Structure formats: structure tokens, C-alpha cells
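Structural characterization, general
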Amino acid sequence: MSKTTIRGALAAGIALLAFTATPMTATAFARAAEPPSPSPASPSASPASPSPASPGVLPRPSGPRAVGATTLHLVDDSRPDPWVPEEKARRLMVSLWYPAKTSTGRRAPYMTAEESALLLKGQKITGVPGDTLSRTRTNAIADAAPVGRRRSLPLVVLSPGFTMPRSSLTILAEDLASKGYVVAGIDHTYESYGTSLPDGRTATCVACAEQEKEAWTFGDKATRGRQADIAFVLDRLTGPRPAWKGGELIDRSRIGVAGHSLGGSSAAWTVLNDSRVRAGVNMDGPFFVPAPGEGLDRPFLMMGAGKVHEPGGQDFTWGRDWKRMTGWKRWLTVDGGDHGSFTDYPLLLEQGGIDLGTPLSGARAAEITRRYVGAFFDLHLGGRHQPLLDRPSRRYPEVRFWR
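Residues numbered from 1 in each chain as written. Predicted model: local features only at pLDDT ≥ 70, side-chain atom pairs only at ≥ 80, totals over all residues. Heavy atoms only, no water.

**Quick word on the overall build of the protein chain**
Summing up its helical and strand segments, the protein chain has 11 helices and 12 strands in all. Looking at the protein chain residue by residue over its 403 residues, the buried ones come to 60%. Total accessible area on the protein chain is roughly 15300 Å²; 51% of this is exposed by carbon and sulfur atoms. (Helix = DSSP H or I, 4+ residues; strand = E, 2+ residues; numbered from the N terminus. Buried < 20%, exposed > 50% of the residue type's maximum accessible area, 1.4 Å probe, protein only. Areas by Shrake-Rupley, 256 points an atom, 1.4 Å probe, with all protein chains shown as cover.)

**Structural notes on the sheet that holds strand β11 (residues 329-334)**
In spatial order, the strands read β3-β1-β2-β5-β4-β8-β9-β10-β11-β12; together these 10 strands make up an open sheet with mixed pairing. A strand with exactly one partner marks an edge of an open sheet, and here the two such strands are β3 (141-142) and β12 (399-402). Pairing of strand β8 (residues 250-260) with strand β9 (residues 279-283), which is carried by 5 bridges, proceeds in the parallel orientation. Its bridge partner being in β9, His-260 is matched across the sheet by Met-283. Against the sheet, helix α5 (residues 170-178) engages β1 (66-76), β2 (90-100), β4 (153-159), β5 (182-187) and β9, with an angle of about 45 degrees to β2. Strands in contact with helix α8 (residues 262-273) are β4, β8, β9 and β10 (300-305); relative to β8, the strand with the most contacts, it is inclined by about 145 degrees. (Pairing = 2+ DSSP bridges. Contact = heavy atoms within 4.5 Å. Axes fitted to C-alpha atoms, helices over the stretch in contact; angles between N-to-C directions.)

**Remarks on the nonpolar core**
Residues Met-303, Tyr-372 and Phe-377 are the most contacted members of the largest nonpolar core, which totals 39 residues. Breaking this core down by element, the ones donating at least two residues are β1, β4, α5, β9, β10, β11, α11 (362-380) and β12. Take this core: its biggest share by element is 7 residues, from α11. Once residues within four sequence positions are removed from consideration, Met-303 is found in contact with Asn-282, Met-283, Asp-284, Trp-318, Leu-332, Val-334, Phe-342, Ile-368, Thr-369, Tyr-372 and Val-373. The next biggest cluster of nonpolar side chains, apart from the first, holds 38 residues, and it includes Leu-96, Tyr-98, Val-182 and Ala-184. (Core = buried A, V, L, I, M, F, W, Y, C linked by side-chain atoms within 4.5 Å.)

**A short note on the side chain of Glu-115**
Structurally, Glu-115 can be placed in helix α4 (residues 113-122). Reaching out from Glu-115, the side chain makes a polar contact with the backbone nitrogen of Ser-196 at a distance of 2.9 Å. Residues in contact with Glu-115, not counting those within four places in the same chain, are Arg-166, Asp-187, Gly-194, Thr-195 and Ser-196. (Polar contact = N/O pair within 3.5 Å; in protein donor to acceptor, adjacent residues only side chain to side chain.)

**Notes on the packing of α5 against α11**
The geometry of α5 relative to α11 is characterised by a closest axis approach of 10 Å and an angle of 45 degrees between their N-to-C directions. Taken together, the axes of α5 and α11 are oblique relative to one another. When you trace α5 past α11, the crossing you get is right-handed. Touching Ile-171, Leu-172, Asp-175 and Leu-176 of α5 are Ala-366, Thr-369, Arg-370, Val-373 and Gly-374, all from α11. Here the residues of the contact of α5 with α11 are counted per class, giving 5 nonpolar, 2 polar and 2 charged. (Parallel < 35°, antiparallel > 145°, perpendicular 65-115°, else oblique. Left-handed = near helix turned anticlockwise from the far one by under 90°. Nonpolar A, V, L, I, M, F, W, Y, C, P; charged D, E, K, R; others polar.)

**Observations regarding α5**
Burial analysis of α5 places 9 of its 9 residues in the buried class, the great majority of the element. Taken residue by residue, α5 has Thr-170, Ile-171, Leu-172, Ala-173, Glu-174, Asp-175, Leu-176, Ala-177 and Ser-178 as its buried positions. Among the residues trailing α5, Gly-180 stands out with phi positive, at a value near 105 degrees.

**Points about the pairing of β1**
Most of β1 is tucked away: 8 of the 11 residues are buried. In this sheet, β2 lies alongside β1 in antiparallel orientation, the contact comprising 11 bridges. In the sheet register, His-73 faces β2, and the bridge partner there is Met-93. Relative to β3, β1 runs parallel, the two being bridged by 2 bridges. Counterpart to Gly-68 in the pairing with β3 is Ile-141.

Below is the structure:
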């Protein structure tokens, strides 16, 4: 596969070049599917009368439990930062969502104002206040007391797409927490447009420059680096002295990982290399590091957008690694969806009056993502049979099963 072909496929949504190699329109922010262009593109759609008084609103979680959220700053002194080697420790910002004792109190912030401004700038979105995304209304209560019995709550780790912050998967995270999961969302420092750190600094996307050099070499390095990030977060959450006050609630025998785009590739590599992880999900990401010949023998869900990820589609890595999965597995595609459909952004952009240009609405995409990813973890971490994963559903005709 030539470099030109690889770049075209990535820009079409099977990977990540479109996020940084090309100026993006507002629509492309959600779609991540614009072809490379040598000159800046003009936005094809813009928010209808954007107002600082009208922030986005995340949908209410579907589970019965109140949701709390808190933020951890974790420092791994055992290795330098892979993107800034002069930093002798890897620093990570992690959001935790979890079942909480109360549903009242101050709402957890979606992201910081600086992170919002850098994300919008990175995506070349203009015409809206820089702090727009930071004012998104979440459902989680900030620093609420967790609830649960000792060793009773399964843990799911979420890894976002390249240049995207951990908050991009908040809709899924809040929903899982409302059903009794602890969810850890990781900002992979220097891989997102902006990560606010406790010392007042904001880490920007140093990895973006390296990513533009050669897509697959970059993808291999980033995937392996993210697996190390996830392993370290698991150490700090489930070790003898947990970094979170609710650490004793986590059931160390029921851990899963899911990711979007580059995060999906990282999820697969983590399942292969970390025996603590029982099951994984790849949402619309290529498999940058091929599964070994002996295969991936733990449960794995591949869930991607329409034609790109159907058998014989643009992303050849799905067919390659599917054959190497020897455990429980499902290959699902969502008609009318695109690369961004598995994140919060289509819904938030719709609320801002932006036409996504896709048949699948942001609200519908969020419902499908929550429903199927939730069913997967309910089955493999909760031990509860999920007929939704057995065959196509009349309720969700957009979701196609492949064997």
C-alpha cells in the first residue's frame, strides 16, 4: 500500500491524518472525513446564531444510578514522555466517572476553557466563542462520593482519537457509570490539541508534527505508547495504594478497554498485552499494530462506520485482524455514520445548528454507541446475556452484522 493510498484512506476516516494534515470545516470536525487539500477550506456550515448563554447539553444516562466525576493527575516516573523526551516522567490527566451517592451538586466540567479554545482552533472552526465546548452541560456531579461494595464495580478504560481529549467520549462514559461501572478516560498528553495540567500549563499536540511524517510508523509508536499509558493507569487504580479514594470498589477481575480511532487500535493492543484486561472495543480505528499469528483470544468488538469498515472496505486492517481473533468477536458497522459518529461531537454540533451532512443524526449515533458498547461490557464484564449482540435488531436497523 503506497503512502499516497494510505493518506487517502486515513483522510476518509480509517485513521487520523485528516485531523491534523488538513484544515477542517465545521462539518469535517464531526466527520473527520475530508480529503487532503493543499489550501484552507471554507466552512460549509456554521452555527446558527451561536450564543454563549446556550451551551451544549449531554443526553441523560440510561442507567438507574447517579453519576460522579473527578480528575486525577498521574505521574509515571518510570519512563520519559515519548513525545517530549526531555520530560523524564510521563504525566497523564485522567477523568473518572462512577456511581455516586447523590445526583445533586455542582456539575462536573466538560473540559477547560483553554482546552476548548485549542480544540476549536486546531479544527479550524470559527464563528463560535473559544470556550463554547467548556460550557457543555454534563450529567455527572463533581467529586461526588462514590457508592458501591468493596470489589463490586467493573472498570472500563477509554482512549480517545488522536488530537481528541478524553472528554470526547463523555456521553459513553456517563452512561456506563450510571449502570454501575467505574470509567477512566485518559488524555494522552501531547497527542491532543490541548491538555490542561495542574501547574497551569497546557500541553499541546507535539505529536502532530511527527504524525505528519509517516502515518503507519506514527500509528505503531502511538499505539504502543498508549498501551503503556493504559497499563500505568491500571496500576494506579488497582494497585495496593490506589490513586482514587474509591479504588477499593473496583473489581480487579473485571476490566475492559474501549477506544475511538487511534484509541481503538490501542484498545486492541492492550487486550493482547495486558492480562488484566478481559475484553476490548475498537470504535472506527485501524489496527496499526497487527495482531500476532497466535491471535487475540479474548472478547473483542469491532464497531465502525458504514462502507469504510465493511468487509472489503478501505480499512484492510479489519479483515486482516478479524481472521486472527480466536475468542468471542463481533464485527458491526453503522449505516449512515462516519468517523466522528462514536464521539460526543456530532450531537454537540447539531445542538449548535450545524448540519453534519450525514444520514445518521448525532442523537441516534450516541444512542447506538451507548447501547452496543454497553451491551458488550454487560455481557463480558457483567455476565448478563445480551440478545442485542446475537443478531441484527429491528430497533437498530442501521447496525449491520458481519461474519
